[in-house]
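So you can see what is in the structure, the chains are spelled out below.
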Amino acid sequence: MSEIHPRPEAQVPPLVRTGRFLKDNPVIPLIGFLVLLMGILEVMRPGIISPFWAGNLIKFAIPLAMLAAAQVLTMLTGGIDLSVGIVATLAAFVTATLTPLIGPAPAMLVALGAGAVVGLVNGFGVGVARVHPLIMTLGTGLIATGCLQVYQRFFIATGTDIPAVLEWLGTGRTAGLPNGLFLFVPFAVFVLWLMRFTGFGRLLFALGSNEKAAKLSGVRAWQVHIALYILSALIAALTGLLYLGMIRAPSLSLAVPLMLPSVAAAVIGGTSIFGGRGSFAGAIVGALILRVIDTMLTLARMPEGARIAMFGLIILLVTALYVRFTETR
C-alpha cells in the first residue's frame, strides 16, 4: 500500500497559499486594506488625512469595536448577540435619567446591572433552555425595547444629566488623541488576554469547534454560556455609557444602529460565524475599515437612503471576499 506524501509547498496553488496566510494572519491584510481605503479617501479629498481626522476616526471606531468584541466572544461558540445595541441604549438611557436622582456613580452601576440581567436571561435561554442564540437575543432585545419605552414614561419628567466623566471620555482629547482610549486600551488588553491566556477563552474556542466533544471532556456548556452572555451584555452596557458621553443626547435608539455593523466588523476581522475561530485584533481593524468606508460615502454626497444601501452592499462584498479567501484550504 503506497504512502501518501503531502504536497510540497511550491506545488500548492497560490490562491490556497494566500488563503492560508489570511487565515493565520487576519490582521495583516486587513491593515493593508485599511491603508488602501485611506489612500482612496485622500484622493477623493486631498488633505483630509490629518492627525485631527485620525483622532476622529479612532473616536467613533471605539464604541463599534467594543460592541464587536461582544460579537467575537459569542461567535466563538457559534452564537451571536443581537441584543447588544438595545442593551447599550438601555444602559445609556438609564444612566442619563437616574443621574439627577441618585448621582452619577450609582446610576452607572444600576445601568450595568440592568445590562447584566439581560445577559443572564440570554445565557439561561441559550445554555439551559437551548434556544438558538439568534432567536434568544432577538427576543430579549425586543423585550428590553418594550421595557425601556415603559421606563421612559415614568422618568421622562425627571430630566436627564450626563455624568462629567462620560463627557470627558466621549468628547475630550489628550495629546490629540480621544480620551476614549483611556477606557478602550485596557478593555482591549483584557479581551485579548481573556481569549488567548485564560481557561474561559479556551472553553469558548472548544465549544465553537466541537460542542459535543467539549461536553464529553467534562465542560459544563450551560455555565459557559451564562457567563459568556453576561459578559457580552456588560460589554454592551459599558459601550452605551461611553457612547452617551460622545453623543450627549440620550434616546431610545441611541446605539441600535451600531448593532449590525458590530457583526460586520467581527466577521471582516476574521471571526467565523460558525464558531471556533475569532480575532478581536482583526475586529478592531474591521471597525476602523467600516468607519473609513462611512466617511467615503459621506464625501460622495449620496442621499441618505442610497448611502445606507451602498454601505450595506460594500459590507457584504468585503465580507464575502474576505471569507472566500480565508476559507480556502
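Heads up: the structure comes first, above all this text.
Residues numbered from 1 in each chain as written. Predicted model: local features only at pLDDT ≥ 70, side-chain atom pairs only at ≥ 80, totals over all residues. Heavy atoms only, no water.

Student: Before we move on, can you summarise the pattern of salt bridges with the specific residues and values?
Tutor: The full count for this structure, using the stated rule, is two salt bridges. A salt bridge links Glu211 to Arg130, with the nearest nitrogen and oxygen atoms 3.1 Å apart. Here Glu211, found in helix α10 (residues 211–216), pairs with Arg130, found in the loop between α5 (104–127) and α6 (133–155); they are 81 residues apart in sequence, far enough to count as distant. Here Arg130 falls in the partly exposed class, since its relative accessible area comes to 45%. (Salt bridge = Lys/Arg side-chain N within 4 Å of Asp/Glu carboxyl O. Helix = DSSP H or I, 4+ residues; strand = E, 2+ residues; numbered from the N terminus. Buried < 20%, exposed > 50% of the residue type's maximum accessible area, 1.4 Å probe, protein only.)

Student: Which residues make up the side chain of Thr239, and what are the values?
Tutor: Within the secondary structure layout, Thr239 lies in helix α11 (residues 221–247). Since its relative accessible area comes to 1%, Thr239 is described here as buried.

Student: So what about the nonpolar core? Which residues, and what values?
Tutor: By size, the foremost hydrophobic cluster in this structure holds 93 residues, and its most contacted members are Leu73, Phe184, Phe187, Phe280, Ile289, Leu290 and Val292. Discounting residues that sit within four places of it in the chain, Leu290 has contacts with Leu64, Pro261, Ala264, Ala265, Ile268, Phe311 and Ile315. (Core = buried A, V, L, I, M, F, W, Y, C linked by side-chain atoms within 4.5 Å. Contact = heavy atoms within 4.5 Å.)

Student: A description of a nonpolar patch on the surface should follow, citing residues and the corresponding values.
Tutor: A cluster of nonpolar side chains, contributed by Leu134, Ile135, Leu138 and Leu142, occupies part of the molecular surface with about 370 Å² of accessible area. Take Leu138: it is sitting in helix α6. (Patch = residues over 30% accessible without salt bridge, like charges linked within 9 Å, V, L, I, M, F, W, Y side chains within 5 Å. Areas by Shrake-Rupley, 256 points an atom, 1.4 Å probe, with all protein chains shown as cover.)

Student: Quick one: what's the story with the packing of aromatic side chains, residue by residue and with numbers?
Tutor: Under the counting rule described, the total for this entry stands at six aromatic pairs. Relative to Phe187, the ring of Phe184 has its centre 6.2 Å away and its plane inclined at 40°; by these criteria the two rings are tilted. One end of the pair, Phe184, and the other, Phe187, are both in helix α8 (residues 181–197), three residues apart, so they sit about a helical turn from each other. Using a relative accessible area of 8% as the deciding quantity, one classes Phe187 as buried. The rings of Phe184, Phe187 and Phe280 are connected pair by pair, giving a single aromatic cluster. (Phe/Tyr/Trp six-rings, centres within 6.5 Å; stacked < 30°, edge-to-face > 60°.)

Student: Please set out the packing of α5 against α11 residue by residue, giving values where relevant.
Tutor: Running from N to C, α5 and α11 point in directions that differ by 150°, and their axes come no closer than 7 Å. Classified by chirality, the crossing of α11 by α5 is right-handed. Across the interface between the two elements, Met108, Ala111, Leu112, Gly115, Ala116, Gly119, Leu120, Asn122, Gly123, Phe124, Val126 and Gly127 of α5 pack against Trp222, His225, Ile226, Tyr229, Ile230, Ala233, Leu234, Ala237, Leu238 and Leu241 of α11. Within the contact of α5 with α11, the residues separate by chemical class into 16 nonpolar, six polar and no charged. (Axes fitted to C-alpha atoms, helices over the stretch in contact; angles between N-to-C directions. Left-handed = near helix turned anticlockwise from the far one by under 90°. Nonpolar A, V, L, I, M, F, W, Y, C, P; charged D, E, K, R; others polar.)

Student: Summarise helix α2 (residues 27–44); cite the residues concerned and give the values.
Tutor: Taking 1.5 Å per residue, 18 residues should reach 26 Å; α2 reaches 26 Å between its end C-alpha atoms and fits that length. Of the residues making up α2, those classed as buried are Leu30, Leu34, Leu37 and Leu41. Projected down its long axis, α2 carries its buried residues within an arc of 65°, all on one side. Residues of α2 that are exposed and point more than 90 degrees away from the buried face comprise Val35, Leu36 and Val43. (Expected span 1.5 Å × (residues − 1). Arc of directions from axis to C-beta.)

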